[in-house]
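Residues per chain, in single letters:
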Amino acid sequence: MGLETVILFVLILQVRNVLVKQKIYPAWRKFLFWSLFGVWIVFGIGEATRQDDIVKWLFHISILVITVIVYQKDEFKRYRSYMNAFLPLIILGITEAVVEIGPKSWKDALEGFIDTAQIFAIIWMVAMLFIANKQKKALEKENIRREQEERERIIIEEKKAELEILVAERTAEITRQKEELEQAVVDLKSAQTQLIHAEKMASLGELTAGIAHEIQNPLNFVNNFSDVNIELATELKEELGKVVGDENTKLALQQLANSIIQNQEKITQHGKRADSIVKGMLQHSRANNGQKETTDLVALAEEYLRLSYHGLRAKDKLFNAKITTHLEEKMEHIALVPQDLGRALLNFFNNAFYAVSEKKKLNIPGYEPEVTLTVKRTGKYAEIRIRDNGTGIPEAIRDKIFQPFFTTKPTGLGTGLGLSLSYDIITKLHEGNIICQSKEGEGTEFIIRIPMEE
Amino acid sequence: MKILVVDDERDIQMLFEQRFRKEIRSGQIILAFAFSGEEALTYLNLHHHEAVLILSDINMPGMSGLELLKHIKQKYENPPPVVMMITAYGDAENYNKSMELGADDFLTKPLDFSVLKEKLKLN
């Protein structure tokens, strides 16, 4: 049995293994499988027919072809270290075969060398196989380690992905909270502004009532004494008529008495005017009490709207305005002080009608005065919207409209206590709030909200 | 008819005397004045049963009109004088208290003398 047979068999086996491991070239794998038997059959035939020289050459060429393929194809890269182990034996085998068919002088010259080379080739093979085996084992170990690392890497990747999601969630949460907080800050700031405003208004209301209280008594004396003076002066005039004496002097005295009466009447008139202002101011102190009763707010608002309109019509026959109402049907009755809230609403209505009548005076073509009343329920509040398309409120004075004595009306037409009183009635007595939306030249809307009890 | 007017404002005397000058001249009414609750009680002690009508302000330093009312209604049982209280405009609290203490009638500030005169003539 020749060495080349074994080598060929081993090479075919190994090459097939490599292909099987890599799961490539199935047709070749099949062919190589049958070749394993083929080698021995051909060998057997060669022995039996004494044609072992031809078989030997066939095998050498096969080995050479396989060797070339192994060194050519990348698929066998890792197998080459084994190949290296067989290489000297293969070369030696071929050399031996060549020498055998060559001239006798070759054989004589190389006989000893080939024997020695064969021993070295075998030692080489064993050493190389040993090394290759060791390398293979190290490689396998390395592979296992790599696989482990790969698995760990995948696990880490997964964990990382999970973490990424978690971080994204947390970030979103934090962002949301940040936005909420920012909104809260904005809300708080506006609440603070409102509180300051409310405080200011409250103290102004109290101050107003306090001043009124103080002025009331002296003013009463002024009015009372001035009343008495009119009576006294009238009596004086009458008494003068009875006196007998110089007619010219009597006339002069009577004229003087007349002048006193006239002056006194003026004093009384203006005193009464002051008195009505004081009464208006005193209503501020009344805006904190008053009995609440369950009231139909829709009917109340509607009633005072008509009252305001007809009141203005009575004063100014030419006055006209379109009235639009959006009233919620079947709204629950709520606890409020009807007279006070009515008076507050009346002020808003009067102002709305005043604003449209002022704009009407500008003779803008196509202008149609309109006042709209909306009463509805929004959440926990009863909402009353009073809108007009009148002159509007300039932004500069919008903060002041609820302050006592602030008025844009000419002297004598308004005391500036109407809206300030309305403000007290709505915010203090009814714990509601008022929002004013206005555009100069286009109109104003007051939104009044009163909490409804559950 | 003797009327005791109680008020801490001294000018009230001049005002009343002028307002009621005709009635005083004709002897229809006699006015007496007290400028505090205490003074009013002293007067009532000295001139027992003389005052038929007491007009009292409620807000006074020292003894308030309400206390005076309480004293009068407790002390002078048989028959107590008529007491008219003068309450400030819109002062529901004092109005109710005066009612409880037995005030006979009310006048609101500022005093409307024509209303007062009408009430006096009815009395």
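Above: the structure in question.
Report on the accompanying structure. Everything numeric here is computed off the predicted structure, so don't read it as measured data.

## Section: the sheet that holds strand β7 (residues 443-451) of chain A
In any sheet, the strands associate via hydrogen bonds between backbone groups, in a parallel or an antiparallel arrangement.
Residue and element names in this part refer to chain A.
And then number 1: Taken in spatial order, the 5 strands of this open sheet run β2-β4-β5-β7-β6, and their pairing is mixed. Every other strand in the sheet has two partners, leaving β2 (322-327) and β6 (433-439) as the edge strands with one partner each. Averaged over all neighbouring strand pairs, the angle between strand axes comes to 10°, with direction disregarded.
And then number 2: Note that β2 and strand β4 (residues 370-378) share 6 bridges and pair parallel. Its bridge partner being in β4, L327 is matched across the sheet by V375.
And then number 3: Together, β2, β4 and β5 (381-388) form the strand contacts of helix α7 (residues 297-315), whose direction differs from that of β4 by roughly 170°.
And then number 4: In the packing of helix α9 (residues 418-429) onto the sheet, contacts are made with β6 and β7, and the angle to β6 comes to roughly 140°.

## Here's the deal with the packing of aromatic side chains
The description of an aromatic ring pair rests on the distance of the ring centres and on the angle between the ring planes.
And then number 1: Under the definition given, this model contains 18 aromatic pairs over all chains.
And then number 2: Both rings, one in W28 of chain A and one in F31 of chain A, keep their centres 5.8 Å apart while their planes meet at 90°; by these two values the pair is edge-to-face. Separated by 3 residues within a single helix, W28 of chain A and F31 of chain A lie in helix α2 (residues 26-48), roughly one turn from each other.
And then number 3: Summarising the aromatic geometry, the rings of F16 of chain B and F20 of chain B are spaced 5.8 Å apart at their centres and angled 25° between planes, so their arrangement reads as stacked.
And then number 4: For F20 of chain B, a relative accessible area of 2% gives the class buried.
And then number 5: A network of ring pairs unites the aromatic residues F348, F402, Y423 and F446 of chain A as a single cluster.
And then number 6: We note K409 of chain A situated over the ring of Y354 of chain A; from NZ or CZ to the ring centre the distance is 4.8 Å.
And then number 7: Taking NZ or CZ as reference, K117 of chain B lies 5.6 Å from the ring centre of F20 of chain B, over its face.

## Description of the interface of chain A and chain B
And then number 1: The partner chain B presents 16 residues to the 16 residues of chain A that form the contact.
And then number 2: Note on chain A versus chain B: buried area summed over both sides is about 1600 Å², and carbon and sulfur give 56% of it.
And then number 3: On the chain A side of the contact with chain B, F221, N224 and F225 of chain A bury the most area, a combined 33% of that side's loss.
And then number 4: Across the contact surface, chain A and chain B share 5 salt bridges.
And then number 5: Among the ionic pairs, D227 of chain A bridges to R19 of chain B, the shortest N-O distance being 3.1 Å.
And then number 6: Taken together, the connections running from chain A to chain B amount to 5 residue pairs in polar contact (both at pLDDT 80 or more).
And then number 7: Looking at the side of chain A that touches chain B, the elements with two or more residues in it are α5 (104-242) and α6 (247-286) of chain A.
And then number 8: Looking at which element gives the most residues to the side of chain A that touches chain B, the answer is α5 of chain A, with 11 residues.

## Let's talk about the packing of helix α3 (residues 52-72) of chain A against helix α4 (residues 80-101) of chain A
Residue and element names in this part refer to chain A.
And then number 1: Interaxial distance between α3 and α4 falls to 10 Å at its minimum, and their mutual angle equals 145°. Where α3 crosses over α4, the two elements pack in a sense that is left-handed. For the pair α3 and α4, contact is made by K56, W57, H60, I63, L64, T67, V70, Y71 and Q72 and by R80, M83, N84, L87, I90, G93, I94, A97, V98, E100 and I101, respectively.
And then number 2: A class-by-class count of the residues in the contact of α3 with α4 yields 12 nonpolar, 5 polar and 3 charged.

What counts as what
Residues numbered from 1 in each chain as written. Chains lettered and ligands numbered in written order. Predicted model: local features only at pLDDT ≥ 70, side-chain atom pairs only at ≥ 80, totals over all residues. Heavy atoms only, no water. Pairing = 2+ DSSP bridges. Helix = DSSP H or I, 4+ residues; strand = E, 2+ residues; numbered from the N terminus. Axes fitted to C-alpha atoms, helices over the stretch in contact; angles between N-to-C directions. Contact = heavy atoms within 4.5 Å. Phe/Tyr/Trp six-rings, centres within 6.5 Å; stacked < 30°, edge-to-face > 60°. Buried < 20%, exposed > 50% of the residue type's maximum accessible area, 1.4 Å probe, protein only. Lys NZ or Arg CZ within 6 Å of the ring centre and 35° of its normal. Buried area = accessible area lost by both parts, 1.4 Å probe. Salt bridge = Lys/Arg side-chain N within 4 Å of Asp/Glu carboxyl O. Polar contact = N/O pair within 3.5 Å; in protein donor to acceptor, adjacent residues only side chain to side chain. Left-handed = near helix turned anticlockwise from the far one by under 90°. Nonpolar A, V, L, I, M, F, W, Y, C, P; charged D, E, K, R; others polar.

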